[in-house]
Amino acid sequence: NFTYHKLDSVEAAFPFKETPTVTWLNIDGLHEVSILEQIGTHYEIHPLIMEDILNTDQRPKVEIFDNYIFIVAKMVSYNGGEGELEIEQISFLVGKNYVITFQEREGDIFDSVRERIQSGKGRIRRSGPDYLTYALLDVITDHYFLVLEKMGDIVEGLEERVLLNPGPGVVSEIQGMKRSLIYLRKSVWPLREVLGGLIREESQLIQDATDPYLRDVYDHTVQVMDTVETYRDMTSGILDVYLSNVSYRMNEIMKVLTIIATIFIPLTFIVGVYGMNFHWMPELGWHWGYPAVWGVMFIIAVAMLYYFRKRKWF
Amino acid sequence: NFTYHKLDSVEAAFPFKETPTVTWLNIDGLHEVSILEQIGTHYEIHPLIMEDILNTDQRPKVEIFDNYIFIVAKMVSYNGGEGELEIEQISFLVGKNYVITFQEREGDIFDSVRERIQSGKGRIRRSGPDYLTYALLDVITDHYFLVLEKMGDIVEGLEERVLLNPGPGVVSEIQGMKRSLIYLRKSVWPLREVLGGLIREESQLIQDATDPYLRDVYDHTVQVMDTVETYRDMTSGILDVYLSNVSYRMNEIMKVLTIIATIFIPLTFIVGVYGMNFHWMPELGWHWGYPAVWGVMFIIAVAMLYYFRKRKWF
Amino acid sequence: NFTYHKLDSVEAAFPFKETPTVTWLNIDGLHEVSILEQIGTHYEIHPLIMEDILNTDQRPKVEIFDNYIFIVAKMVSYNGGEGELEIEQISFLVGKNYVITFQEREGDIFDSVRERIQSGKGRIRRSGPDYLTYALLDVITDHYFLVLEKMGDIVEGLEERVLLNPGPGVVSEIQGMKRSLIYLRKSVWPLREVLGGLIREESQLIQDATDPYLRDVYDHTVQVMDTVETYRDMTSGILDVYLSNVSYRMNEIMKVLTIIATIFIPLTFIVGVYGMNFHWMPELGWHWGYPAVWGVMFIIAVAMLYYFRKRKWF
Amino acid sequence: NFTYHKLDSVEAAFPFKETPTVTWLNIDGLHEVSILEQIGTHYEIHPLIMEDILNTDQRPKVEIFDNYIFIVAKMVSYNGGEGELEIEQISFLVGKNYVITFQEREGDIFDSVRERIQSGKGRIRRSGPDYLTYALLDVITDHYFLVLEKMGDIVEGLEERVLLNPGPGVVSEIQGMKRSLIYLRKSVWPLREVLGGLIREESQLIQDATDPYLRDVYDHTVQVMDTVETYRDMTSGILDVYLSNVSYRMNEIMKVLTIIATIFIPLTFIVGVYGMNFHWMPELGWHWGYPAVWGVMFIIAVAMLYYFRKRKWF
Amino acid sequence: NFTYHKLDSVEAAFPFKETPTVTWLNIDGLHEVSILEQIGTHYEIHPLIMEDILNTDQRPKVEIFDNYIFIVAKMVSYNGGEGELEIEQISFLVGKNYVITFQEREGDIFDSVRERIQSGKGRIRRSGPDYLTYALLDVITDHYFLVLEKMGDIVEGLEERVLLNPGPGVVSEIQGMKRSLIYLRKSVWPLREVLGGLIREESQLIQDATDPYLRDVYDHTVQVMDTVETYRDMTSGILDVYLSNVSYRMNEIMKVLTIIATIFIPLTFIVGVYGMNFHWMPELGWHWGYPAVWGVMFIIAVAMLYYFRKRKWF
């Protein structure tokens with residue numbers, strides 16, 4: 001059977017510790033330290049663990065004690081508009097008949113699990129706290145896939161922009177994407193170890209029947225890491241394409257401009273010659289001198305263009 | 001003995017589960033979920049495994065249960081014209097007397113195995129489902145070699161184009177090749193682990209006599225990975241050659257153009273001098289002034305050319 | 001109970017070796033070799049260990065003997081103004097009922113521990129030398145976080161400067177930051193091994209109750225290493241952004257300047273033509289010749305600008 | 001005792017299988033498949049092994065069976081003129097009293113071993129097939145050293161050319177060298193594993209007395225790998241030197257040319273001023289106007305040169 | 001007790017083999033193969049080991065036999081002036097009551113050990129051949145520190161030169177430094193394994209009391225490797241700083257020169273206009289035409305400078 005309570009004080013939850021049913025306590029926000037202290041005392045949690053729950057710079061990890069398992073995981077989300085990766089720490093205390101989750105911020109990330117419990121479908125109502133933990137970790141891993149999907153769209157967008165319309169802002173964006181991927185990897189890499197630890201674990205708090213499910217989440221984290229690595233390689237590739245494109249375009253422009261200049265500089269020299277004021281310059285007196293100079297200049301220009309063309313300079 | 005059926009409904013296959021002969025069920029396409037559910041129920045497959053079969057983003061892996069082995073592999077093919085790598089997920093369920101293969105798309109990739117079964121030559125008719133699995137995995141690995149061969153041709157083509165006729169599109173193509181190689185590595189690297197897992201496996205579903213064959217496929221995957229790494233190094237090398245070639249050509253052009261400009265600029269200055277309208281400019285009145293200026297300019301031009309030549313600037 | 005002595009001579013400390021209480025000897029500065037020799041003799045320390053204490057180029061390490069444990073760690077601090085990383089070697093000798101710490105320089109880094117001992121709060125007064133060692137190592141690890149925080153500020157500042165106001169000094173600063181990170185990693189990487197060694201250690205000098213605390217510090221060192229790696233990736237990214245920004249700005253400038261030059265060079269040629277002094281140049285006599293030349297030049301300039309614009313050159 | 005036969009048919013060799021003496025069969029060329037099949041049948045070799053012998057794309061490996069050991073190695077040679085690395089596959093079948101070697105091409109690479117057998121000096125006549133295998137593998141490893149020596153000469157040559165006379169072909173040659181080193185590494189890396197496998201092997205086909213000899217060849221392969229890595233680092237370094245040299249030379253040229261242009265452009269402007277035809281230009285009438293302009297231009301030129309010099313621009 | 005002999009013939013040393021005292025034979029130079037052969041025979045050394053002693057391309061390694069231990073190490077020295085790394089192979093044969101060292105060249109590198117033996121201070125006279133081996137290996141490791149110190153000076157010098165006075169030779173020197181560091185790493189990396197092997201070794205030739213000393217040298221080799229890696233990172237950083245500095249300086253020069261050219265080119269065009277010889281050019285007749293042109297040109301120049309300044313181009 002199943003009941004759902006929104007509790008005002010944490011003491012109200014303590015009677016459930018003795019019941020044979022599975023209790024899931026979900027704590028939103030870590031600012032009320034007194035609640036955490038009460039939980040710590042009541043459930044006999046090591047003080048260092050309580051410190052770890054409060055410190056949101058924790059690395060994902062699993063610590064296994066005789067009467068409970070402590071898990072730290074990182075929930076990620078990606079705000080489309082801003083492109084900022086948000087990371088929230090979720091801690092789990094898994095005991096014989098309870099699961100306590102600590103979220104850094106209020107949110108509805110576990111709503112899907114709550115619904116599955118309410119609807120009573122699937123294994124979740126029939127299984128123990130270890131399966132509930134699996135279900136919650138699965139939700140967290142699914143969020144990684146959502147984030148990666150959005151990132152994949154951005155990477156593809158970057159790729160197109162680099163080819164069509166490269167501006168200087170692209171480099172910053174590529175670097176931002178790279179940094180997000182670094183943070184993502186920093187969160188998911190130890191999460192994999194957490195799951196590996198839970199699978200190898202001989203604790204009686206994790207039943208053998210839950211192992212395939214944990215291995216499934218483990219496979220998902222491996223996949224996330226694979227995709228992160230692929231995106232890193234791709235963003236590096238995009239940077240290379242961008243740099244070589246910018247340099248190619250620049251080269252093309254400089255080449256054309258320089259060729260124009262190079263053709264006109266000798267011509268300007270020639271007209272300069274006949275602008276000199278020497279008293280004795282026989283060419284100036286020739287009747288066809290002026291058209292002849294035009295002819296010479298025309299020939300020089302064509303010869304240069306032909307030569308440049310032959311050497312495939314434009 | 002041997003029979004071949006094209007079945008309309010999946011139930012028609014279930015009687016074979018009880019026969020002592022080896023049954024190979026090949027399911028083309030994963031859109032009819034009801035068929036998969038029937039198979040899952042009838043052959044007592046874990047629901048998570050059935051999910052894995054449907055999810056085509058799976059990473060190649062092997063999972064060994066008491067009564068069956070689950071294998072995920074990736075079949076690759078390369079469409080010459082487009083240069084796009086196509087990846088198709090192939091799942092295997094290997095039981096005591098059956099092999100069930102799930103293909104993402106309809107196709108004739110396993111025709112060669114079908115022919116070997118029909119012709120009855122070789123070990124394939126005399127051996128169990130483990131040898132059949134080997135034969136199918138061998139076909140998949142052979143496709144990697146085909147893809148690599150095509151890629152090798154493209155890499156060589158890129159190499160030649162980079163030396164003879166480098167354009168800006170080459171960088172994109174090199175990046176595309178790099179990405180295809182990344183995807184290829186992502187598919188073949190875990191396939192190696194799959195085969196390693198099958199060889200080390202103590203399950204009675206894999207007979208010892210099949211081990212040398214599996215080790216042979218294992219060696220092939222190692223070879224594929226070797227070649228992929230070599231191609232990656234080669235494409236990086238091609239990119240380096242491209243970039244240094246483009247920059248060398250650009251330098252050559254700029255150098256020649258700048259030298260032309262640099263020679264004519266002082267000459268233009270000189271003719272400018274004698275184009276000035278000062279009343280008192282004695283040179284203008286000299287009879288040999290004009291030829292003398294030509295002479296001076298000729299000497300300057302030759303001196304500059306000589307100097308540039310001596311310093312090996314062209 | 002608890003007493004605090006500032007000792008003038010080291011012999012005054014030796015009687016405490018026989019008392020059942022825990023003695024913490026803190027030696028500031030390593031210049032008085034005679035004091036170290038007396039301690040070495042009195043506490044029966046291996047001469048090589050005494051040499052290691054004196055040699056401040058030691059790598060962090062742990063060596064476990066029957067009657068004492070020797071630990072070398074590195075304390076880091078970062079002088080905001082100069083941006084120089086300062087590294088100080090701290091050695092520990094942990095025995096059955098004593099802890100001896102050797103600091104390279106005088107300083108108050110362990111004041112917080114001293115206060116906790118004096119106030120008598122927490123486990124520190126109730127626990128043995130192993131817990132005291134933990135408390136001191138924890139202080140050292142906390143300093144790494146302080147240093148990383150300051151470095152994080154500098155990295156962010158570099159990032160902004162690179163985008164807004166890049167000068168040539170930025171590269172040196174980025175390299176300096178990179179080098180500081182290398183030194184930091186060199187100090188913290190073996191510190192992690194030290195802590196791992198203490199946790200795995202079966203010596204009766206480390207009680208099992210201290211293990212969770214040591215594991216906590218171990219986790220901190222892993223976090224420090226993670227952050228160091230992230231900062232290294234970020235500084236590399238900043239360098240890339242800087243280089244591509246500088247090159248982009250340079251390209252923009254050269255492009256505009258070259259376009260100006262390219263437009264005026266043909267015009268200068270034209271005015272040069274009509275500056276020639278040929279006797280027979282019919283255009284010179286035309287009444288509208290002069291405005292016509294202006295018109296032609298205007299058309300040429302506009303055509304060139306239009307062409308450059310159409311090809312998106314500016 | 002010792003006999004040497006050049007056999008026409010492979011059946012002639014089969015009687016030796018039963019004799020207590022050591023038989024060494026050397027097969028040149030793999031085109032006569034029937035011979036290989038006869039050997040396979042007669043010596044009871046697994047059909048997959050026979051396939052491996054024929055497939056010359058094999059990776060070096062060792063496979064140990066009850067009655068024989070199968071070894072694949074790669075013989076390398078380097079054709080000075082062409083600079084092409086040639087790789088030939090050599091397979092070994094080592095049994096109780098025979099060694100069969102399969103060469104891809106006819107050649108005299110094993111002549112030195114043949115001579116040592118004929119001369120009867122050393123251990124080779126007194127030892128079993130394992131020592132003969134060692135001797136043959138030693139010859140193969142020695143060829144790696146020969147190839148590396150030639151490559152070392154080429155690397156040194158490249159280094160000198162890069163400093164004295166860098167042309168665009170150098171990059172292609174460096175890339176070719178890099179690729180040869182990749183192939184070399186691909187051949188020698190698994191060869192090391194082959195030897196490691198033979199040393200660790202508990203098979204009675206390898207006597208303990210041969211282990212030191214195998215370890216010696218093992219050390220050689222490690223040395224080859226070390227040298228390959230060193231050459232790879234060196235070629236990368238040469239590429240860096242080349243690129244920075246080319247860019248430095250280019251910069252020098254552009255700098256000088258641009259300085260010449262920059263000095264003459266203002267001077268050309270000045271002479272242009274006094275080439276204007278305004279009716280009222282008082283300077284034109286001054287008697288010392290012309291020399292004064294020369295003086296002004298001289299001063300401008302010297303000032304610019306001085307300024308450029310002071311800023312160390314040339 | 002202690003005696004020192006400079007022996008003319010190697011046979012003179014053989015009687016000491018039977019005495020209970022420790023004998024240290026130091027062989028300078030490897031050209032007299034006959035001496036080595038006599039030693040090999042007399043001390044029953046495996047012929048492959050004798051070959052290894054003669055082959056000075058050996059990789060540092062340790063090989064442990066029943067009655068002796070064979071060690072190869074590399075002594076490095078750095079000739080300040082030339083900056084060339086010199087590597088000399090030192091081989092050790094360590095038996096029950098003897099140590100034989102083979103130096104490639106004559107030299108006094110072991111003089112400090114000789115003096116310690118003569119003076120009789122410390123453990124060296126009281127300990128066995130294992131301690132003597134430690135003392136000699138310690139000398140070799142100390143030389144690495146000397147070399148690294150000199151290299152550190154050169155790296156710092158390079159750093160300064162790169163900032164103050166970068167020339168093209170710097171790249172070659174940086175590459176030379178990199179290569180020296182590669183060679184250094186090639187020598188010290190396996191030396192660490194040698195020492196690790198000696199520590200783990202269960203041979204009765206190494207007494208337990210010597211283990212702490214060997215671990216001390218082991219720590220030194222780890223430190224050498226750390227420093228080598230740091231220097232490699234630093235030289236790479238210097239190369240980056242150099243390249244970005246050169247490119248920055250070049251950009252600055254080109255920018256200033258191009259700005260000068262760009263300002264004068266339109267002005268030259270204007271003066272060209274009024275140098276045309278059209279009969280009807282009204283401006284030429286205006287009284288203030290000439291000063292007006294000067295004014296216009298002045299305004300254009302100032303406007304351009306203002307625009308360039310506003311866009312921060314200089």
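Our subject is the structure that appears above.
Note that the structure is predicted; figures quoted are calculated from it, not measured.

J.: What should I look at first to understand the relation of the copies chain B and chain D in this one?
T.: Here the second copy of the chain follows from the first by a rotation about an axis and a shift along it. The two copies are related by a screw operation: chain B maps onto chain D through 72° of rotation and 0.1 Å of translation along the axis, at an RMSD of 0.1 Å. In symmetry terms, the pair is related by a five-fold rotation axis. Among all residues of chain B, the minimum C-alpha distance to the rotation axis is found for Gly275 of chain B, at 4.7 Å. Of the residues that chain B buries at the interface, just 16% are likewise interface residues in chain D, meaning the two copies contact each other through different surfaces.

J.: When you look at the interface of chain B and chain D in this model, what are you seeing that I'm missing?
T.: Buried accessible area, meaning the area lost when the parts come together, often serves as the stated size of an interface. Each side of the interface is counted separately: chain B has 45 residues, and chain D has 49 residues. Both sides of the chain B and chain D interface together cover about 4300 Å² of buried area, and 67% of this is carbon and sulfur. Summed over the shared surface of chain B and chain D, the result is five salt bridges. Between Arg232 of chain D and Asp233 of chain B there is a salt bridge, with its nearest N and O atoms 3.9 Å apart. Counting across the chain B and chain D interface gives 10 residue pairs in polar contact (both at pLDDT 80 or more). Every element with two or more residues in the side of chain B that touches chain D is listed here: helix H4 (129-164), helix H6 (211-273), helix H7 (282-285) and helix H8 (289-310) of chain B.

J.: I would appreciate a short explanation of the pairing of strand S4 (residues 84-95) of chain C in the present structure.
T.: Within a regular strand, the side chains alternate between the two sheet faces. All names here are of chain C. Among the 12 residues of S4, nine are classified as buried, and the element is accordingly described as predominantly covered. Bridge count for strand S3 (residues 68-79) against S4 is 12 bridges, and the pairing is antiparallel. Note on S4: the bridge partner recorded for Ile69 is Val94. Note that S4 and strand S5 (residues 98-103) share five bridges and pair antiparallel.

J.: Please explain the environment of Val113 of chain D as it appears in this structure.
T.: Residue and element names in this part refer to chain D. Within the element layout of this structure, Val113 appears in helix H3 (residues 111-119). Overall, Val113 belongs to the buried group, its relative accessible area being 0%. Residues within four places of Val113 in sequence aside, it is in contact with Trp24, Ile124, Leu132, Ala135, Leu136 and Val139.

J.: What am I meant to see in the side chain of Gln223 of chain D here?
T.: Note on placement: Gln223 of chain D falls in helix H6 (residues 211-273). Judged by its relative accessible area of 9%, Gln223 of chain D is buried.

J.: What's the story with the sheet that holds strand S1 (residues 23-28) of chain D in this structure? I'm lost.
T.: By way of backbone hydrogen bonds, the strands of a sheet pair with one another, either parallel or antiparallel. Residues and elements named next belong to chain D. If you trace the five strands from one edge of the open sheet to the other, you get S1-S5-S4-S3-S2, paired in mixed fashion. Across the chains shown, the open sheet's two edge strands, defined by having one partner strand only, are S1 and strand S2 (61-64). Averaged over all neighbouring strand pairs, the angle between strand axes comes to 20°, with direction disregarded. As paired strands, S1 and strand S5 (residues 98-103) are joined by six bridges and run parallel to one another. Paired with Asp28 across the strands is Gln103, a residue of S5.

J.: What am I meant to see in the side chain of Asp216 of chain D here?
T.: Assignment of secondary structure puts Asp216 of chain D in helix H6. Although Asp216 of chain D lies buried, it forms no salt bridge, and the closest oppositely charged side chain, Lys61 of chain E, sits 4.6 Å away as judged by the N-O distance. Filtering out sequence-adjacent residues up to four positions away, Asp216 of chain D remains in contact with Leu48 and Asp52 of chain E.

J.: When you look at the packing of helix H4 (residues 129-164) of chain E against helix H6 (residues 211-273) of chain E in this model, what are you seeing that I'm missing?
T.: When two helices pack together, their arrangement is given by the angle between the helix axes and the distance between those axes. Residues and elements named next belong to chain E. For the pair H4 and H6, interaxial distance at closest approach is 10 Å and the crossing angle is 15°. If you check the angle between H4 and H6, you find them roughly parallel. Pair H4 / H6 crosses with left-handed handedness. For the contact of H4 with H6, the residue count by class is 21 nonpolar, eight polar and two charged.

J.: Is there a simple way to think about the arrangement of the chains in this case?
T.: One finds no contact linking chain A with chain D; the least C-alpha distance across the pair is 9 Å. When C-alpha atoms are compared, chain A and chain E, though not in contact, are closest at a spacing of 9 Å.

J.: What am I meant to see in the relation of the copies chain C and chain A here?
T.: Under the fitted operation, chain C is carried onto chain A by 0.1 Å of movement along the axis and a turn of 72°, and the coordinates agree to an RMSD of 0.1 Å. Looking at chain C, a mere 15% of its interface residues are interface residues in chain A too, so the copies touch through different faces.

J.: Explanation requested: the pattern of salt bridges in the structure shown.
T.: All chains considered together, the criterion is met by 65 salt bridges over all chains. Between Asp226 of chain A and Arg59 of chain B there is a salt bridge, with its nearest N and O atoms 3.0 Å apart. Here the residue Asp226 of chain A occupies a position in helix H6 (residues 211-273), and Arg59 of chain B occupies one in the loop between helix H2 (47-54) and strand S2 (61-64), the pair thus bridging two chains. Overall, the relative accessible area of 16% leaves Asp226 of chain A in the buried class. One salt bridge connects Lys61 of chain D with Asp219 of chain B, and the closest N-O pair in it is separated by 2.6 Å. One end of the pair, Lys61 of chain D, is in strand S2; the other, Asp219 of chain B, is in helix H6, on a second chain. Under the relative-accessibility criterion, Asp219 of chain B is labelled buried at 15%. Members of the salt-bridge network, linked through shared partners, are Asp52, Lys61 and Glu63 of chain A together with Arg215 and Asp219 of chain C.

Conventions and cut-offs
- Residues numbered from 1 in each chain as written.
- Chains lettered and ligands numbered in written order.
- Predicted model: local features only at pLDDT ≥ 70, side-chain atom pairs only at ≥ 80, totals over all residues.
- Heavy atoms only, no water.
- Least-squares fit on C-alpha atoms with pLDDT ≥ 70 in both.
- Contact = heavy atoms within 4.5 Å.
- Buried area = accessible area lost by both parts, 1.4 Å probe.
- Salt bridge = Lys/Arg side-chain N within 4 Å of Asp/Glu carboxyl O.
- Polar contact = N/O pair within 3.5 Å; in protein donor to acceptor, adjacent residues only side chain to side chain.
- Helix = DSSP H or I, 4+ residues; strand = E, 2+ residues; numbered from the N terminus.
- Buried < 20%, exposed > 50% of the residue type's maximum accessible area, 1.4 Å probe, protein only.
- Pairing = 2+ DSSP bridges.
- Axes fitted to C-alpha atoms, helices over the stretch in contact; angles between N-to-C directions.
- Lys, Arg positive; Asp, Glu negative; His and termini not counted.
- Parallel < 35°, antiparallel > 145°, perpendicular 65-115°, else oblique.
- Left-handed = near helix turned anticlockwise from the far one by under 90°.
- Nonpolar A, V, L, I, M, F, W, Y, C, P; charged D, E, K, R; others polar.

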